[in-house]
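Descriptive analysis of the structure
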Amino acid sequence: GVLVRELAALYEALRQRAPSPLPELPVQYADYAVWQRQWLAGETLRGQLDWWKLLLAGAPQALEVPTDKPRPATLSHAGASVPMHLPLALTEAAEALARREGATPYMLLLAAFQAVLQRYSGQDDVLVGSPIAGRRHASTEGLIGFFVNTLVLRARFTPALTFRELLAQVRDTTLGAYEHQDVPFEKLVEELHPSRDLGRTPLFQVLFVLQNTPDAGLSLPELTLRGVAVEHTVSRFELELGLSRAPDGYRGGIIFSTELFEPSTAARLAAQIQLLLEGALATPDAPLTALPLQTTEDRQQVLVEWNGAAADFRRDTCFHTLFEQQARRTPHAPAVILGDSALSYARLNARANQLAAHLRSLGVGPDVTVGLCLERTPEAIVALLAVLKAGGAYVPIDPSAPAQRKSFVLQDCGASVLLTVQSLAEAWRPQVRHLLCLDTEAARLAVLPESDVPSSVRAENLAYVIYTSGSTGTPKGVMVQHRSVLHLHEATARTLYAGQPRGLRVSLNAPLFFDVSVEQLIHLADGHCLCLLPEDTRKDPEEMLAWLEAQRVDVLDCTPAQLHLLLQAGLLERTHVPRLVVCAGEAMDLSLWQPLSRTRRTRTINAYGPTEGTVYATTWCVQDSSVQVPVIGQPLPNTRAYVLDEQLRPTPVGVPGELYLAGEGVARGYLGRPELTAERFVPDPFSTEAGLRLYRTGDKARWRQDGTLEYLGRLDFQVKVRGYRIELGEVESTLRTHPAVKDAVVLAREDVPGDKRLVAYVVPAHGEGADSPALDVAELRAHVRRHLPPYMLPAAFVPLTTLPLTANGKVDRKALPAPEAALDSEQAHEPPATPMEEQLAELWRDLLRVPRVGRRDNF
Ligand code: AMP
Ligand code: MG
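Read on for a plain summary of the structure. Nothing here was measured: the structure is a model prediction, and the numbers come from that model.

1. Re the overall build of the protein
Scanning the protein from N- to C-terminus turns up 25 helices and 32 strands. Seen along its three principal axes, the alpha-carbon backbone of the protein occupies a region of about 120 × 70 × 50 Å. Every one of the 859 residues in the protein was classed for burial, and the buried ones make up 52%. Long-range contacts, defined as pairs at least 24 residues apart, comprise 69% of the intrachain contacts of the protein with a sequence gap of at least 6. Within the structure as shown, the protein displays about 38900 Å² of accessible surface, and the carbon and sulfur contribution to it stands at 53%.

Dropping the structure here:
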């Protein structure tokens, strides 16, 4: 304002060749600077700094607004802007509410902005920066110089907070910040020394500016003046909301980092601020979480338009019946191959029928569970089909799990029949009514009738029960019905495999206790051939490539970790590359996505789905160039995906929420666990049909504006390590059962990119006193091995005297240190002894990034 006035006065004076009419300045900027240095010192400075330290204590490192583009390590200042206009009626209503609440429009607009940011970030703690003029003294008004300071304004959110309450909070914070505005932002950063990150500005990443200088109405004689819209090509922060009061309402725009966001996201954000503000003005006493961020059309889009089309799938049959029909069509075609041995469709069907007949005689029928502890062998496929044909539900048991865990599963599922082989049974000695060793019983089974076994099984009956890690310490059995398996078959046939020829060679490489194996198995309904991957080959990428080539595999299912290894080993450079790669089980990262998205040698599908949703719920083709970042795509036909907030309301496009699944794939529940089932399988509020349920996945996701879903991590302590689903709570409770352990926390850490592993933090029972023994890592390892499968064994154990806690008394997982070494020695250090050992040790040091490697170290 002052500047404009002075410009007008000088222009007028110079035009008339008169001397400057402006009075001498009482002080100069240098005078101010000297004064400020003297004044802002000692007690005054302390007092101001202390206030800020209190305000910002325990503030989060960053506001995590999900970005459209992968976040670069160093953020440049490339930016752009979108316009924003709050209509006059809304502007005036906002101003009136602010007046009634003893607040300013600035405070009210900031509150609305912070409320929207809260929804985007999901954080209950939102820090926004805001510039302040800093000319507190009248004598500084006419000075040219750097006065502007930036204030950090923190808003705290609780579940029931209303807009009126938030406004009061923002008012108090803002008034306090004004009182303490003299501490330069740089000084504050220096004092608080937040951990620095070139990808993020310190303390806050989002700015709010309200230009409230009244329009000075510059008018100069003989000149016509009009405003020119400035195009912003620079963004100092990730997002900046800038508004000023125009005669027709608040106008301005959102400046955004073009390295992080698309213009449409900024535009949507602008619209959502307006929507939230409208809601807040209409119901200032409603909880903020109830305020709308989406229009009816937006809601319709995410609920209906983007959801899996309802398709007319057959429901009158079962997968094994389709297989039987296929066996009649192509009796001589190979169905299962392992190395040199092969089973034709006719043989596979005949042998499965023989075993099924026997199972029937043992009482197997609809909803009767049958344990199946077998490696990935043709016998396992025979057994699996036999259980289905007999009408029962198979329960795969991990042969490599410790005996105790296998017994738990066997007992928990209530099976009275266990199908296995002699060698596995000897190592385990399972307690079960009918122990059936397929190898030793082979002759007896071979004389049974080979014809199809009639059964009364129906679509509602169980096809299988797969156990997954349970957070409370024991695994839980997911009950999947035949109708869901049939659905998976039809849905994938119409999408992933549409247009593929018959007789494909499909790899079966997942363990049978992973539900992905079901998706591989159902190819037997279409005359394709299953190529069983030998277990040793699975562990070696070079050998696996050779195997894929030798077997001429057309369709490969694998986890991202496996695919990474295969790509590194040269999958795409081979003469034979599978025509279709289905990557599932874990999030694909950019380093996997990018090279695949450019290749024309194979089609890669990112498939997402929990066991409770029957293998796959959403899919996306990586080579589809309309999306540049990893997405989990769109729901399969007859599958619906909802991204919901805590009140089960759909979140708007761009805003993260929990992913829920509905449709034919939703499992019946957890076997024998009605409470857990009720907690995770909830009534479907979007369905008109009674009795339908949604499965709460515990996955965080959001809809992107292109109608695809983006996976954003877990909302709980479930992790995936090399495709294995692990509840950290289960490992923790196992550790706590050891008498030497007082407390334990387990994390899945990725300190070296691409190397995710479990790390256990253990507080020994006797404290760390001089007379107490240190943690016996070898003993703890053995303890875990006795109870949990190998993939749940932590790679490192870190002893701690106490667990770090957050301000509100929860374990502060972020404060847990990275383990010092990538390896854990169970024995004393012995240095390398020969030149060869020396060389090897050096290689390991480089690879594992550890300072020291000894002869006895365990990797
Ligand atoms: P599971 O029951 O073993 O299939 O594990 C399901 C969980 O694995 C999901 O809830 C996700 O957390 C994760 N998951 C599976 N597939 C994907 C994928 N394609 N992208 C990201 N996460 C995935
Ligand atoms: Mg899955």
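This is not the end of the story, as more comes after the structure.
2. Observations concerning the sheet that holds strand E32 (residues 796-799)
Within a sheet, adjacent strands bond to each other through the backbone by hydrogen bonds, running parallel or antiparallel. One open sheet accounts for three strands, arranged E30-E31-E32; its pairing is mixed. What marks the edges here is a single partner per strand, and that holds for strand E30 (741-752) and E32. On average, each strand axis in the sheet is tilted by 30° relative to the strand beside it, whichever way the strands run. Against the sheet, helix H23 (residues 728-736) touches E30, strand E31 (755-764) and E32, its axis set at about 140° to E30.

3. Regarding the nonpolar core
Among the nonpolar cores identified, the biggest contains 118 residues, and Leu348, Leu419 and Leu524 are the most heavily contacted of them. Among the elements that take part in this core, helix H12 (residues 378-389) stands out by supplying nine residues, more than any other. Setting aside residues no more than four positions away along its own chain, leucine 524 makes contact with Phe319, Phe323, Gln326, Ala335, Tyr345, Leu348, Ile381, Leu385 and Leu530. One finds Met84, Ala112, Leu117 and Ile132 within the second-largest nonpolar core, a separate group that totals 76 residues.

4. Examining the packing of aromatic side chains
If you walk through the whole model with that rule in mind, you get 20 aromatic pairs. When the centroid spacing of 5.3 Å and the interplanar angle of 35° are considered together, the rings of tyrosine 106 and phenylalanine 208 count as tilted. Pair noted here: tyrosine 106 is in helix H5 (residues 105-121) and phenylalanine 208 is in strand E4 (residues 206-211), with a separation of 102 residues, a long-range link. Within the aromatic cluster, the residues linked to one another by ring pairs are Tyr29, Tyr32, Trp35, Trp39 and Phe147. The lysine or arginine in question, arginine 245, covers the ring of tyrosine 250, its NZ or CZ lying 5.8 Å from the ring centre.

5. Structural notes on helix H24 (residues 777-787)
Residues of H24 that are buried include every one of Val777, Leu780, Arg781, His783 and Val784, and no others. Seen from one end, H24 has its buried residues packed into an arc of 160°, which puts them on one side. Buried residues in H24 make contact with H23, E30, E31 and E32.

6. As for the site of ligand 1
Surveying the vicinity of ligand 1 reveals 16 residues, the closest of which are Ala607, Thr611, Asp699, Lys720 and Arg725. A distance of 3.4 Å is found between a nitrogen atom of ligand 1 and a backbone nitrogen or oxygen belonging to glutamate 586. In the model, an oxygen atom of ligand 1 is placed 3.3 Å from a nitrogen or oxygen of the tyrosine 711 side chain. Protein burial of ligand 1: of its 490 Å² of free accessible surface, 94% is covered by the chains. If you list the elements that add at least two residues to the shell around ligand 1, you get strand E19 (603-608), strand E27 (709-714) and strand E28 (718-721). It is E19 that provides the largest number of residues to the shell around ligand 1, a total of three residues. In terms of residue class, the shell around ligand 1 is built from six nonpolar, five polar and five charged.

7. With respect to the pattern of salt bridges
Under the defined criterion, the tally for this structure stands at 51 salt bridges. Across the pair aspartate 699 and arginine 714 runs a salt bridge, and its minimum N-O distance is 2.8 Å. Highlighted residues: aspartate 699 in strand E26 (residues 693-703) and arginine 714 in strand E27, separated in sequence by 15 residues. On the basis of relative accessibility, which here comes to 6%, the residue aspartate 699 falls in the buried class. One continuous salt-bridge network, built from bridges that share partners, spans Asp68, Arg702, Arg704, Asp706 and Glu710.

8. Regarding the pairing of strand E8 (residues 341-344)
Where strand E7 (residues 334-338) lies against E8, four bridges are found, and the strand directions are antiparallel. When the sheet's bridge partners are listed, valine 336 is paired in E8 with leucine 343.

9. Section: a nonpolar patch on the surface
Together, Leu7, Tyr11, Leu218, Leu223 and Leu225 make up an exposed nonpolar region whose accessible area comes to about 410 Å². Take leucine 223: it is sitting in the loop between E4 and strand E5 (239-246). According to the relative accessible area criterion, leucine 223 is partly exposed, its value standing at 42%.

10. Overview of the pairing of strand E18 (residues 580-584)
Of all five residues in E18, five are buried; the element is thus mostly enclosed. The two faces of E18 match: Leu580, Val582 and Ala584 on one face and Val581 and Cys583 on the other face are all buried. Direction of pairing for strand E17 (residues 555-558) relative to E18: parallel, over a ladder of four bridges. When the bridges of E18 are listed, valine 555 appears paired with leucine 580. Since E17 and E18 lie parallel, the crossover through helix H20 (residues 560-568) that links them has a hand, and here it is right-handed. Bridging between E18 and E19 involves five bridges; their strand directions are parallel. Paired with cysteine 583 across the bridge in E19 is asparagine 606. Regarding topology, helix H21 (residues 590-598) serves as the crossover connection from E18 to the parallel E19, and that connection is right-handed.

11. A short note on the packing of helix H4 (residues 88-100) against helix H8 (residues 263-282)
Interaxial distance between H4 and H8 falls to 10 Å at its minimum, and their mutual angle equals 50°. Put simply, H4 runs oblique to H8. The crossing of H4 and H8 is left-handed. In this structure, H4 contributes Leu90, Ala93, Ala94 and Leu97 to the contact, and H8 contributes Gln274, Leu277, Glu278 and Leu281.

12. Let's talk about unusual backbone geometry
One non-glycine residue, histidine 193, lies in the positive phi region at around 20°. In this structure, histidine 193 sits in the loop between helix H7 (185-192) and E4. With a phi angle near 65°, leucine 203 is a residue other than glycine that sits in the positive phi range. Within the secondary structure, leucine 203 sits in the loop between H7 and E4. A relative accessible area of 12% means that leucine 203 is categorised as buried.

13. Description of the environment of leucine 712
When you line up the elements, leucine 712 lands in strand E27. On the basis of relative accessibility, which here comes to 28%, the residue leucine 712 falls in the partly exposed class. Through-space distance from the C-alpha of leucine 712 to that of alanine 587 is 8.8 Å; in sequence the pair is 125 residues apart.

14. Structural notes on the side chain of glutamine 48
Along the chain, glutamine 48 falls in helix H3 (residues 42-56). For glutamine 48, a relative accessible area of 6% translates into the label buried.

15. Things to note about the state of the cysteines
For the coordinates displayed, the defined rule picks out zero disulfides. Cysteine 413 takes part in no disulfide bond, and the closest cysteine sulfur, belonging to cysteine 373, lies 12 Å away. Note on cysteine 531: no disulfide assigned, nearest cysteine sulfur contributed by cysteine 529 at a separation of 4.6 Å.

16. Let's talk about the environment of tyrosine 178
When you line up the elements, tyrosine 178 lands in helix H6 (residues 163-179). Distance in space between the C-alpha atoms of tyrosine 178 and serine 597 is 51 Å, their sequence separation being 419 residues. Apart from the residues within four sequence positions on either side, tyrosine 178 is in contact with Tyr106, Ile132, Arg136 and Leu151.

Basis of the calculations
- Counting of residues starts from 1 at the beginning of each chain's written sequence and follows it residue by residue.
- Whichever chain is written first is A, and whichever ligand is written first is 1; the rest continue in order.
- Since the coordinates come from a predicted model, pLDDT governs what is reported: local features require at least 70, and pairs of side-chain atoms require 80 or more to be given and counted, while whole-chain, interface and lining totals use all residues.
- Just so you know, side-chain values use all the structure's heavy atoms and leave hydrogens and water out.
- Secondary structure counts use DSSP, requiring at least four H or I residues in a row for a helix and at least two E residues in a row for a strand, with both numbered from the N terminus.
- A 1.4 Å probe rolled over the protein chains alone gives each residue an accessible area, and that area as a share of the maximum for its type sets the label: buried under 20%, exposed over 50%, partly exposed in between.
- The contact criterion used throughout is that any non-hydrogen atoms of two residues lie within 4.5 Å.
- Residue-level accessible areas treat just the shown protein chains as cover; the underlying method is Shrake-Rupley with a 1.4 Å probe.
- At least two bridges found by DSSP between two strands is the condition for calling them paired.
- Helix axes use the C-alpha atoms of the stretch in contact, all axes being lines fitted to C-alpha atoms, and the angles between their N-to-C directions lie in the range 0 to 180 degrees.
- Residues grouped as a nonpolar core are buried Ala, Val, Leu, Ile, Met, Phe, Trp, Tyr and Cys residues, joined through side-chain atoms within 4.5 Å.
- Here a pair means two rings of Phe, Tyr or Trp (six-membered ring of Trp) with centres within 6.5 Å. Their orientation is stacked below 30 degrees between planes, edge-to-face above 60, and tilted elsewhere.
- Each ring is checked for a lysine NZ or an arginine CZ that lies within 6 Å of its centre and within 35 degrees of its normal; such an atom marks a charge sitting over the ring.
- The directions considered for the arc are those from the helix axis to the C-beta atoms.
- Each residue is tested against the molecule or strand, and it is near if at least one of its non-hydrogen atoms lies within 4 Å.
- In protein, a polar contact means a hydrogen-donor-capable atom and an acceptor-capable atom, both N or O and within 3.5 Å, with residues adjacent in sequence counting only if both atoms are side-chain atoms; elsewhere, any N or O pair within 3.5 Å suffices.
- Under the convention adopted here, Pro, Cys and the residues Ala, Val, Leu, Ile, Met, Phe, Trp and Tyr are nonpolar, Asp, Glu, Lys and Arg are charged, and Gly plus all remaining residues are polar.
- A side-chain nitrogen of Lys or Arg and a carboxyl oxygen of Asp or Glu constitute a salt bridge if their distance falls within 4 Å.
- A patch consists of residues whose relative accessible area exceeds 30% and which take part in no salt bridge; residues with like charges are grouped when within 9 Å of each other, and nonpolar side chains (Val, Leu, Ile, Met, Phe, Trp, Tyr) when within 5 Å.
- For crossovers, right-handed means that the path from the first strand over the helix to the second runs clockwise, given strands pointing away from the viewer.
- Angles are sorted into four bins: roughly parallel if under 35 degrees, roughly antiparallel if over 145, roughly perpendicular if 65 to 115, and oblique for all others.
- When the near helix sits turned anticlockwise from the far one by under a right angle, the crossing is termed left-handed; a clockwise turn instead gives a right-handed crossing.
- Two cysteine sulfurs form what is called a disulfide whenever their separation falls within 2.5 Å.

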